[in-house]
Every structure is written in C-alpha cells, then in structure tokens.
Amino acid sequence: MNINVIRLRTVLDDREKNIIKENTNFLEEINNYLLEEDFMIKENALDPVMSIIFVETGGSENKFLSIFDKLGKFIVLLSNGKNNSLPASFEIKTYCSQHNKEAFIVTGTEEQCADEIKHFARVNHAIKVLENNNLGVIGKPSEWLIASMMDAPTVYDYFKINLVNIGMDELIQEIDKKKMGNVPHLEKIKNKFKNPQVLEEACFIYGALKRLIEKYHLHGFTIRCFDLLGKYKNTACLALALLNEEGITATCEGDVPSMLTMHMLTALTGRPCFQANPSRVDLEENTALLAHCTIPLNMVSKYELMTHFESNLGIGVKGTMPLDKVTICKLFLKDGKLIENSVITTGKIKENCSLPGYCRTQILVQFDQYGLYSLFQKNFGNHLIITYADAEEDFFTLLTMYEKQKETH
C-alpha cells in the first residue's frame, strides 16, 4: 500500500542537492522498515492510503500554507531532526491546531519513524476499509441491553458504516429451510458433540446466517440470539464462532456497540476478537474473569463443544486460550465523545478456568491496578471485546480520528 509524501524545504545557500540526497536516503531507510507491513512511501503516489508531509528544513512554513487547504483533517509531519526541520514542524503543528486540524509529528531514527508511520497507515487504512461497510442487526437488541443501543443515523454519521435491520422472522424463514451449506470443520465438530440432531440444527442456523450475509452484502452482524432458544431449543453460539473464524464479524444479543468495536478491531489488526462478559473481579489481585460461549475457533489452542451456559441447550464453545497479552476495548459514545467514554486497556491471560455458574469459555485476565480501575470508571455496558493484537494505540487513534472528523463537520 502506497503512502504519498509531500516534501517541503527552503534552502538559502548551495546545500540543496546535499539536503535532497540526504533526505532521500532517509526516506529509503524508512521504506526498508515499512516493507515489513507492505507499506511504501512514494512521491506522487497513486491511490495512497495516506499522505505525509516531510518538513525537510526550517523556513518551510509558508510552503505548507500553500497546500494546507488541500490536506485532510489529520496531518502527519515527518522530521529527520536536522536543518531546523523539527522547530518548523512544531510551528506547522500549532497552526493546524489553530485552524481546526490535527497534526502529528513523527521524528527520531529511521526505525522509530517507520513504526509511527505504520501506526498511522494502519489506522487510515482501517478507516478506508470500514467506510460504507454493511453491518446487520438481526432482531432488536436483547431486552437487558438497556444501554447498548445505537441507531443507524448516528452510526453512519460518526463512522460511515451502514446498519442494516433484518427481522428475526426472516432469519427463522432461512433456518426452516434446513440447509447448512458448507460448514467449516464439520467432521471434527461431529466428533466433539455427541447429539447429532442438536448439531445439525446448529448448522442450519449457521447456513441461514450465511445466506443473509450474502443477501444483504454484510461485513458482519449482531443477532438477538436468545429468541432462538424458545423456537429451536438451540443457539447461534457455534455459528458465531465459525463465522468470526472466517473473518465475518459476528456478535450476539443484538449488541451494536460490541459489533462495531469488534469490526473496527478486526479491520485494524486482521485478527479475530472475542466478545465476553466481565463476570467477576478481584480488586486485590487486579484480575477479572471474562466469559462467553462464542469464542472464534482460531483464537484457541483447543476447544470442547458443550451446551449453552444460561439455557443448557444447543451448543456453546469452551475454548482454551493461550496465556498471552491481550487488548481489551469497547467503544461508547456519550455527548459526542468517544475517547473519554470508551474502554481501551491491556492485560494478560493468567489462566483458563472451568468454574460453575459462568459461560463456557472463561479466562482470568491480569490487569495492572490502573487497567482494572479504568473498567469501573468507564461506561461500556454488558460486554467487552478481546483481541490478541497489540491494538491499544491504534484503536485510540482510530476513535480520535472519528471523533475529530465529527467535530469538524
């Protein structure tokens, strides 16, 4: 993916050729590190994922003014720390702030600059990827999610993502066709669950959801899944686990903020996520038990198929997750503010648990004191979203960009 670079310099003596050569070499060294994530800085790049302004020397401020109106709301300034490039960058950054644009300065060694440029490129790429995505809301949010509703106009206004409302009756019509389609790992799944009728019906739910995804061109969905218990004595847990493994965002209980959080994290990282309840905390140990029945199968080292926890019906997934660092997020919008309300923190999975009274996949996450404290200070509703990706900085910047874009409309 190309990153466009606009080079600005003002040279008052005969050093211009040397400065151009030195700074060209600087960019080439940065590119050597960017290749690790398939990014490449080019001048006059076609269809770039983003643009950066290389402030090569002091005195470039007026040249920046000549292109200011053509730039977006978020501006990345690159400085190599020589020839008064950095003080000029700070002057430009301050001007941007005064004129309702956000500027970020990238400076340091070539490797350090590449790391920061990768960060901004990932976020800009995610915003492009997410624009005009269709996310289905199958049925209304569950009754207990009294604080977890977002309407379609608000979602599009902030994120340029389309919510597509699909009635439960349409899902039921699809399930009643009794067509499962191509279910991943079917033979292995058959060996893990001994009731063939229940498994077959769970696969019919998978097939029905897959057809709705194709019909409405969905990139993901959330489903009012508990309604299936009464009619089918079955659940969507297995279907959600399989679909998330396939890269289709799939969350339960009609939880729109959880769906959005998961979809954004996957777009940022290319990795699956787990929607879980914050089920229990230990304030002395700074741990929290997170649990649910829908873990994506490519987030676990092994798994069992059991019944769904609350109902003891259908199929729930009990996965064993690797003991590693995780990023835990949940967006929440209040009074037009995303950053100050959303959860963005990290922890480490300390243990996989098998405790009675909780959903099937159970992980005990170790936080630092502030990380656990922050959960109690935030308003995030019923669920949290967990990923193995190191996504804390990227997700923060993504929400910052969305928030600032809305402010400037």
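Refer to the structure printed above.
Within any chain, residue numbers begin from 1 and follow the written order of that chain's sequence. Whole-chain, interface and lining totals are the exception, using all residues; otherwise, since this is a predicted model, local features are given only for residues with pLDDT of at least 70 and side-chain atom pairs are given and counted only at 80 or more. Side-chain figures throughout are based on the complete set of non-hydrogen atoms in the structure, without hydrogens or water.

**As for the overall build of the protein chain**
- Comment: elements are numbered from the N terminus, with helices defined as DSSP H or I runs of at least four residues and strands as E runs of at least two. Helix and strand content of the protein chain: 13 helices and 17 strands.
- Relative to the compact-globule value of 22 Å for 409 residues, the protein chain shows a C-alpha radius of gyration of 24 Å, a close match.
- The cut-offs for exposure are 20% and 50% of the maximum accessible area for each residue type, with area from a 1.4 Å probe on protein chains only; residues under the lower value are buried, those over the upper are exposed, and the others partly exposed. Per-residue burial over the protein chain gives 53% buried out of 409 residues.
- Any two residues whose heavy atoms approach within 4.5 Å at even a single point are treated as in contact. Taking the intrachain contacts of the protein chain between residues at least 6 apart in sequence as the baseline, contacts between residues at least 24 apart amount to 76%.
- Computed over 44 positive and 53 negative side-chain charges, the inter-centroid distance for the protein chain is 4 Å. Radius of gyration here uses only the C-alpha atoms, and the compact-globule reference equals 2.2 Å multiplied by the residue count raised to the power 0.38. Under the convention used here, Asp and Glu are negative, Lys and Arg are positive, and both His and the chain ends fall outside the count. Here the site of a charge means NZ on Lys, CZ on Arg, CG on Asp, or CD on Glu.

**What to know about helix α3 (residues 85–98)**
- In this scheme, a helix's expected span is set at 1.5 Å multiplied by one less than its residue total. A rise of 1.5 Å per residue sets the reference length of α3, with its 14 residues, at 20 Å; its end C-alpha atoms lie 20 Å apart and thus fit the reference within 8%.
- Of the residues making up α3, those classed as buried are S85, A88, S89, I92 and C96. The buried residues of α3 all sit within an arc of 100 degrees when viewed along its axis, so they share a single face. Of the exposed residues in α3, the ones pointing more than 90 degrees away from its buried face are E91, S97 and Q98.
- Among the structural elements, β3 (50–55), α2 (61–67), β4 (74–78) and β5 (102–106) are those in contact with the buried residues of α3.
- Phi turns positive one or two residues past the end of α3, at N100, with a value near 65 degrees. Taken from the helix axis, the directions to the C-beta atoms give the arc we talk about.

**Topic: the environment of P356**
- Within the secondary structure layout, P356 lies in the loop between β15 (343–353) and β16 (361–366).
- For the pair P356 and L27, spaced 329 residues apart in sequence, the C-alpha separation works out to 57 Å.

**Description of the state of the cysteines**
- The term disulfide is used for any two cysteine sulfur atoms that are within 2.5 Å. All told, the structure shown has 0 disulfides when counted by the stated rule.
- This cysteine, C203, is not joined by any disulfide, and C237 carries the nearest cysteine sulfur, 13 Å off.
- The cysteine C329 is free of any disulfide, with C273 supplying the nearest cysteine sulfur at 8.3 Å.
- On the basis of relative accessibility, which here comes to 0%, the residue C329 falls in the buried class.

**A look at the layout of surface pockets**
- Every definition here rests on a 1 Å grid over the protein atoms only: cavities are sets of points where a 1.4 Å probe fits but cannot get out, pockets are open sets enclosed by protein on both sides within 12 Å along at least five of seven lines, and lining residues have some atom within 4 Å of a point. Grid points are joined across faces, edges and corners, and a volume is the space filled by probe spheres set on the points. Here the largest pocket defines a volume of roughly 610 Å³.
- Forming the boundary of the largest pocket are 24 residues, of which G72, K73, F74, N124 and Q405 lie nearest the centre.
- Of all the elements in the fold, those that place two or more residues in the lining of the largest pocket are β3, β4, α4 (110–130), α5 (152–159) and α13 (392–407).
- For the lining of the largest pocket, the element with the highest residue contribution is β3, accounting for 4 residues.
- We call Asp, Glu, Lys and Arg charged. Ala, Val, Leu, Ile, Met, Phe, Trp, Tyr, Cys and Pro are nonpolar, and the rest, Gly among them, are polar. Tallied by class, the residues present in the lining of the largest pocket amount to 14 nonpolar, 5 polar and 5 charged.
- For the second largest pocket, the lining is made up of 13 residues, of which I344, T345, Y370, S374 and E392 are closest to its centre.
- Looking at the lining of the second largest pocket, the elements with two or more residues in it are β15, α12 (369–377) and α13.
- Residue composition of the lining of the second largest pocket, grouped by class: 5 nonpolar, 5 polar and 3 charged.

**Details of the sheet that holds strand β7 (residues 162–166)**
- The strand order across the open sheet built from 4 strands is β7-β6-β8-β9, with neighbouring strands paired in parallel fashion. Both edges of this open sheet fall to β7 and β9 (249–252), since each of them pairs with a single strand only. Averaged over all pairs of adjacent strands, the angle between strand axes in this sheet comes to 20 degrees, irrespective of strand direction.
- A pair of strands counts as paired when DSSP detects no fewer than two bridges linking them. Note: strand β8 (residues 220–223) against β9, 4 bridges, orientation parallel. Residue pairing across strands places T222 opposite T251, the latter belonging to β9.
- This element, helix α10 (residues 237–245), spans β8 and β9 of the sheet and lies at about 155 degrees to β9.
- Only the stretch in contact is used when a helix axis is fitted, and all axes are lines through C-alpha atoms; the angle between N-to-C directions ranges over 0 to 180 degrees. Contacting β6 (134–138), β7, β8 and β9, helix α11 (residues 256–269) crosses the sheet at an angle of about 155 degrees to β9.

**Re the nonpolar core**
- Formed by 61 residues in total, the largest nonpolar core has its most connected members in L171, F221 and I223.
- With 10 residues, the single largest contributor to this core is helix α8 (residues 196–215).
- In this structure, F221 is in contact with G136, I138, L209, I213, L240, L243, I248, T249, A250, T251 and M259, ignoring residues within four places of it in sequence.
- What makes a nonpolar core is a set of buried Ala, Val, Leu, Ile, Met, Phe, Trp, Tyr and Cys residues whose side-chain atoms join them at distances within 4.5 Å. Of all hydrophobic cores here, the second largest spans 55 residues; its members include A114, M262, L268 and L338.

That is the geometry; function is a separate question.
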